[in-house]
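Breakdown of the fold
Here is what each chain is made of, one letter per residue.
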Amino acid sequence: MASSSGPALNEELQCSICLEVFTDPVTTPCGHNFCRSCLSKCWTDTQTCFCPLCKDKFSKRPDLKINTTLREVAQHYKEKLSLGEPEVFCDVCDERKQKAVKTCLTCQSSYCVSHLEPHLRVPRLKKHKLINSVENLEYYICQKHERPLELFCRDDQTCVCLFCTEGEHRTHNTVPIEEESREKKNQLVQTQADVHQMIQDRMKKIQEIKHSVELRKRNTEEEKSSSVELFTDLIRSIERCQSELLKMMEEQQKAAEKLAEDLIKELEQEITELKRRNTELEQLSHTDDHLHLIQMSSSLYSRPHTKNWTEIRIDSDVNVNSLITALTELKETLDGTLNEKLSQTGLKCVQKFAVDLTLDPDTANPYLIVSEDGKQVSDGDIKQDVPENPKRFDECPCVLAKQGFSSGRFYYEVQVKGKTKWSLGVARESIKRKEINTLRPEDGVWTVILRNENEYLACAGPSVLLSLRVKPEKVGVFVDYEEGLVSFYDVESRSHLYSFTGQTFTEKLYSYFSPCLNDEGKNSNPLIISPLLD
């Protein structure tokens, strides 16, 4: 280098995209510098302009001008680098040494233009090995034979002279230094291209990560909003049910008070009547009119006709049965609301991971008919003329999708309307192809199936009978590879059907479709992959 400050200055004048000294440098609004062509290329395939170094985003594409001062500094530095080699002087000049232009490895001397002239004219000297002038000549001379290092030994990976090839390197693979240098230079160019590509790949990965974080942030905000809406609805439901419960309790209290009021009025009437009777009896007991006493005895001696109040009471306790009934209804209402809201929210979340699937005809059982667009499959009832294929299912009436997944999350929907039998789910890549499969996780298949028109089962080994209020016409399937989750949804009612949880996936997973047998036309409708992506 020209000086000790060279490397530091080189970093200051280096474009972070191409890692070379700036060419036509431009400055972004955030203050960072790049080659104009590098930055333009970086912004070619993106709608959002950002700084490749600090990742600052710009609302609109900046109108960049060449930084003329920085360009002059960079140009000066390039020239300094080209002149940075130590000057070599002619070994023949006696007085004022002239700058050497060539070094002769045979003569082991450096020459200026005038003293080089014999090497360009004299036939014997023209055979000498000339190189651009160098200061450390010993690097270019064989220390053993004091001859020019003109060859490269590929066996020992070292430079040798002609005499070396007649001795210990006689049987080795040697090539001219120029040839080896060209090959090494090509390797360097390729390595530089690889390193540059690695830099670009990592910058792209940074953008992907930042984009994922931004997308997750937006999704989080949406889910926060959905959660707030969900719990707001639940709170409203609780408040409504609470209001209805309190109203019912108040009505029961009013009814009890009305009953008590009526009973008290009736009792008071009986007391009045009894008091009147008591007065008459009191008066009669003191009369001297014996005839009148006898005549009144029949009506006054008998016990008054009054109600039997022994079993009549007002219960001071709340009607427990009514309360339990009301609380049960409240719980059912809340459970229904919660399940409905959670199902709707869950389905909305997983639909964001929709993928575009097409059926792989090379895996289809010979009796199945796959549409040309790869979106429908049905049982043709007749064996098709299809070529042998190790991927093909020979025994089971099923087919896999072309697309497989070994990480992440994916979701798809299938129309099952009008069918009496079907099987849907995912299967690992090593699923048996040439014999009957058992539909269970232990054998690498995670499915929900329909049998006998109304019998829905989750093939969990043993199977789980699903109690569904309505028949699904479109089924959604969601997979989270890392979480070991496979979930099924009724798309139309936006309800959750079943989930396989805590699974361990170690292979690529493929979507699994079985329209089942035609059953003499009763089950002829195809399974149809529904479009979800714009």
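Use the structure listed above.
All figures in this text were calculated on a predicted structure; none of them were measured in a lab.

Thresholds applied
Residues numbered from 1 in each chain as written. Predicted model: local features only at pLDDT ≥ 70, side-chain atom pairs only at ≥ 80, totals over all residues. Heavy atoms only, no water. Helix = DSSP H or I, 4+ residues; strand = E, 2+ residues; numbered from the N terminus. Buried < 20%, exposed > 50% of the residue type's maximum accessible area, 1.4 Å probe, protein only. Contact = heavy atoms within 4.5 Å. Areas by Shrake-Rupley, 256 points an atom, 1.4 Å probe, with all protein chains shown as cover. 1 Å grid on protein atoms, 1.4 Å probe; cavity = no way out; pocket = protein on both sides within 12 Å on 5 of 7 lines; lining within 4 Å. Points joined across faces, edges and corners; volume = space filled by probe spheres on them. Nonpolar A, V, L, I, M, F, W, Y, C, P; charged D, E, K, R; others polar. Pairing = 2+ DSSP bridges. Axes fitted to C-alpha atoms, helices over the stretch in contact; angles between N-to-C directions. Phe/Tyr/Trp six-rings, centres within 6.5 Å; stacked < 30°, edge-to-face > 60°. Lys NZ or Arg CZ within 6 Å of the ring centre and 35° of its normal. Lys, Arg positive; Asp, Glu negative; His and termini not counted. Salt bridge = Lys/Arg side-chain N within 4 Å of Asp/Glu carboxyl O.

Another point: the overall build of the chain. Helix and strand counts for the chain stand at eight helices and 23 strands. Residues counted as buried form 31% of the 534 residues belonging to the chain. Sequence-distant contacts in the chain: of pairs separated by 6 or more residues, those separated by 24 or more amount to 58%. Put simply, the chain shows about 34,300 Å² of open surface, and 50% of that area lies on carbon and sulfur atoms.

Reported here for the largest pocket is a volume of approximately 800 Å³. In terms of lining residues, the largest pocket is bounded by 23 residues, among which Cys42, Thr46, Phe50, Lys204 and Gln207 are the most central. Taken together, the elements giving at least two residues each to the lining of the largest pocket come down to helix 2 (36-42) and helix 6 (177-285). Of the residues belonging to the lining of the largest pocket, the class tally is five nonpolar, eight polar and ten charged.

With that settled, consider the sheet that holds strand 8 (residues 151-153). If you trace the three strands from one edge of the open sheet to the other, you get 9-8-10, paired in antiparallel fashion. Only two strands of the sheet have a single partner each, and these edge strands are strand 9 (158-160) and strand 10 (174-176). Between one strand axis and the next, the sheet turns by 35 degrees as a mean value, whatever way the strands run. Relative to strand 9, strand 8 runs antiparallel, the two being bridged by three bridges. Bridge assignment links phenylalanine 152 to a residue of strand 9, and that residue is cysteine 159. Relative to strand 10, helix 6 is tilted by about 90 degrees, and along the sheet it contacts strand 8, strand 9 and strand 10.

Another point: unusual backbone geometry. Residue proline 462 is reached from glycine 461 by a cis peptide bond, and omega for that bond is 10 degrees. Positive phi values are uncommon outside glycine, yet glutamate 146 reaches one of about 55 degrees. Summarising the element assignment, glutamate 146 is placed in the loop between strand 7 (130-132) and strand 8. For glutamate 146, a relative accessible area of 56% gives the class exposed. Residue glutamate 453 is not a glycine yet carries a positive backbone phi of 75 degrees. Note that glutamate 453 resides in the loop between strand 16 (445-451) and strand 17 (455-458). For glutamate 453, a relative accessible area of 40% gives the class partly exposed.

We now examine the packing of aromatic side chains. In this structure the tally under the stated criterion is nine aromatic pairs. On the numbers, 6.2 Å between centres and 70 degrees between planes, the contact of phenylalanine 488 with phenylalanine 500 is edge-to-face. Remark: phenylalanine 500 occurs in strand 21 (residues 495-500) and phenylalanine 488 occurs in strand 20 (residues 485-490); sequence separation between them is twelve residues. A relative accessible area of 0% places phenylalanine 488 in the buried class. Look at tyrosine 498 and phenylalanine 500: their rings are 5.1 Å apart centre to centre, the planes differ by 80 degrees, and that puts the pair in the edge-to-face class. Classification of tyrosine 498 by relative accessible area gives buried; the value is 18%. You can call phenylalanine 500 buried: its relative accessible area is 3%. Directly above the aromatic system of phenylalanine 163 lies the positively charged group of arginine 147, at a separation of 5.5 Å from the ring centroid.

Looking now at the sheet that holds strand 20. Strands pair in a sheet through their backbones, by hydrogen bonds, and they do so in one of two ways: parallel or antiparallel. What the seven strands build is an open sheet, ordered 11-12-23-14-19-20-21; its pairing is antiparallel. Two strands lie at the open edges of the sheet, namely strand 11 (368-370) and strand 21, each paired on one side alone. Averaged over all neighbouring strand pairs, the angle between strand axes comes to 20 degrees, with direction disregarded. Direction of pairing for strand 14 (residues 409-415) relative to strand 19 (residues 474-480): antiparallel, over a ladder of seven bridges. Of the residues in strand 19, the one forming a bridge with tyrosine 411 is phenylalanine 478.

Looking now at the side chain of arginine 392. Among the structural elements, arginine 392 can be located in the loop between strand 12 (376-379) and strand 13 (399-405). The side chain of arginine 392 sits in the buried core without any salt bridge; aspartate 362 is the nearest counter-charge, 4.5 Å away. Excluding anything up to four places from it in sequence, arginine 392 contacts Pro361, Asp362, Thr363, Ala364, Pro366, Val386, Pro387, Arg433 and Lys434.

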